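Structural overview
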Amino acid sequence: MLVVMTAGAHEIIKFHLASMSTSLYPGTERDVEVYVPDAYDGRQPACLYVGLDGILCNAPNVMDSLIAAGKMPVTIGVFVQPGVIKDNAGNVLRYNRSNEFDMPTETFARFLEAELLPRVEQLTTAKGYRVKLSHRGSDAMIFGLSSGGIAAFTASWHRPDLFSRVFSGVGTFVAMRGGNDLQAIVRKSEPRPLRIFLQDGTNDVWNPLFGHWYEGNRMLATALDFAGYDARYDWSDCYHGVKRASEIFPEVMEWMWHGWPEAPKCGTTQNNLLDTMLVAGSSWQAQVRTFAEPLEPCAIYPSSKIVARPRRGGNCLWQYTIDENGNEQNGQPFYWLHSYDNSLLTVSAMEFDGAGNLWVVTNAGIQICDQNGRVRGILMLPDGVEAADVIKIVITDGEIWIWSRKGIEYTRKLNVTAPTPFVTPKSQGQG
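Residues numbered from 1 in each chain as written. Predicted model: local features only at pLDDT ≥ 70, side-chain atom pairs only at ≥ 80, totals over all residues. Heavy atoms only, no water.

1. Regarding the overall build of the protein chain
Operational definition: Each helix is a run of H or I in the DSSP string that is no shorter than four residues. Each strand is a run of E no shorter than two, and both are numbered from the N terminus. In this setup the radius of gyration rests on C-alpha atoms only. A globule is expected at 2.2 Å times the number of residues raised to 0.38. Here the term buried applies to any residue with accessible area under 20% of the maximum for its type, exposed to any over 50%, and partly exposed to those in between, with areas from a 1.4 Å probe on protein chains only. Any two residues whose heavy atoms approach within 4.5 Å are treated as being in contact. Method for areas: the Shrake-Rupley scheme with a 1.4 Å probe, in which residue coverage is limited to the protein chains shown.
Within the protein chain one finds eight helices and 23 strands. Taking 22 Å as the expected radius of gyration for a compact globule of 431 residues, we find that the protein chain reaches 24 Å, a close match to that expectation. For the protein chain, the spread of C-alpha atoms along the principal axes amounts to about 80 × 50 × 50 Å. Counting only residues that meet the buried cut, the protein chain has 51% of its 431 residues in that class. Put simply, 66% of the contacts in the protein chain that link residues at least 6 apart link residues at least 24 apart. Looking at the protein chain as shown, the accessible area adds up to about 19,500 Å², and 50% of this sits on carbon and sulfur atoms.

This is the structure:
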């Protein structure tokens, strides 16, 4: 059932979203409120604001003022509650908030894209206008507090094509479901086109069992600075709550949208591996080809005296030495890979470059390990490419190539060198 309410310079459309068994969060239900400003006339798609945990920070009235003052574009606000699962009597069987919000995977972003936002675009305003949303990430912002704060960041991190502007207040970047690892992943990953605002305070330790909220936010902030992001921060003595975010919300919103419609840009990372490899303006290029089915993934070191292989049951690749007779020996779990969801990674292809770095195609990106087995850089896969579809990665001088079982070849220019057979790369030392 839809409920439409008008107030001041906007209307609010309310509806209940019940997920089917095929949903990413099957069996859940949640309430949604959609803000439509009076300035929306239905002619052009509006920009998008997604607010987690419903309406916070007096957002509709703030947006009214900023839109009227020309300090942000005409924007539809979608305020969504986390899901719950109930029995037939209406009793809650599961609160799904932490599972949806604290999990640092792309699942929640996919839920917004595939299940929530299409439902919003079926709505009609009180004036008879169909709700039309822009599908450009540069036209979309997402905001959340606490677990909603990490959810907002993670949604934009995985899908900058959906949300390139993000405000996270008192975010839970701590050891609940892996959020404490995000600062490390940010340092190792190629920069994304995001504008980011973090807010927290020295008295924010909601539950010290999981870590220190303020320290987690500060560590993420130093990682964002290291990686060259367009980011700002508000540090105070606040506790865990909405008070400080509400005080600065108008200022943050104005900053978040300044320069629109220009899109946020990727910064320059201080990661000394990626900094030397990335080529400015380079992106994945695709063409149709035909390829054979893959063999079991493994990679032979250029000297032919080492082999890397995956083994069942963990996210460490094993390294073996190869003796003069071609026998593999001295096996150890050696190449430690990152995972967002604490489950077994998909590892579909791997290859060494001329410097002895191991490139591994995983569902957490292309992870580049140094000679000592540590991930030093992470590249995003081409848009729409799943790791399981990649059958081979090839490194040539100045380029990497990825071959997909779907018959698409992707290339990208990078400052890399091809491995030279039977030549040992220069040692990187103990590290």
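2. A look at the sheet that holds strand E20 (residues 375-379)
Two orientations exist for strands paired in a sheet by backbone hydrogen bonds: parallel and antiparallel. Let me state the cut-off plainly: Here the rule is simple: two strands pair whenever DSSP picks up at least two bridges between them. Axes, fitted as lines to C-alpha atoms, cover a helix only where it is in contact. Angles between the N-to-C directions of the axes lie from 0 to 180 degrees.
One open sheet holds the four strands; their spatial order is E17-E18-E19-E20, and the pairing between them is antiparallel. Edge strands, defined here as strands with exactly one partner in the open sheet, are strand E17 (347-352) and E20. Direction aside, the axes of adjacent strands within the sheet are offset by 20° on average. Here strand E19 (residues 365-369) runs beside E20; their pairing, made up of four bridges, is antiparallel. Counted as the bridge partner of Gln367 is Ile378 from E20.

3. Section: the side chain of Asp102
Applicable threshold: Residues counted as positive are Lys and Arg, residues counted as negative are Asp and Glu, and His and the chain ends are not counted. When a carboxyl oxygen of Asp or Glu lies within 4 Å of a side-chain nitrogen of Lys or Arg, that pair is called a salt bridge. Side-chain atoms alone can form a polar contact between residues adjacent in sequence; in general such a contact is a pair of N or O atoms within 3.5 Å, and within protein one must be able to donate a hydrogen while the other accepts it.
With respect to the secondary-structure elements, Asp102 resides in the loop between helix H2 (97-101) and helix H3 (107-120). Buried and unpaired, Asp102 has Arg177 as its nearest opposite-charge partner, separated by 5.0 Å. Of note is the side chain of Asp102, whose polar atom sits 3.0 Å from the side chain of Ser147. The contact partners of Asp102, leaving out residues within four places of it in the chain, are Arg97, Ser147, Ile150, Thr172, Met176 and Arg177.

4. Brief notes about the nonpolar core
Spelled out, the test is: Throughout, nonpolar core names a set of buried Ala, Val, Leu, Ile, Met, Phe, Trp, Tyr and Cys residues whose side chains join them through atoms within 4.5 Å.
Leu116 and Leu358 are the most contacted members of the largest nonpolar core, which totals 69 residues. No other element matches H3, which puts seven residues into this core. Contacts of Leu358, omitting those with residues within four sequence positions, involve Ala299, Ala308, Leu317, Tyr335, Met350, Glu351, Phe352, Gln367, Ile368 and Cys369. By size, the runner-up hydrophobic cluster in this structure holds 26 residues, among which are Ile12, Cys47, Ala245 and Ile248.

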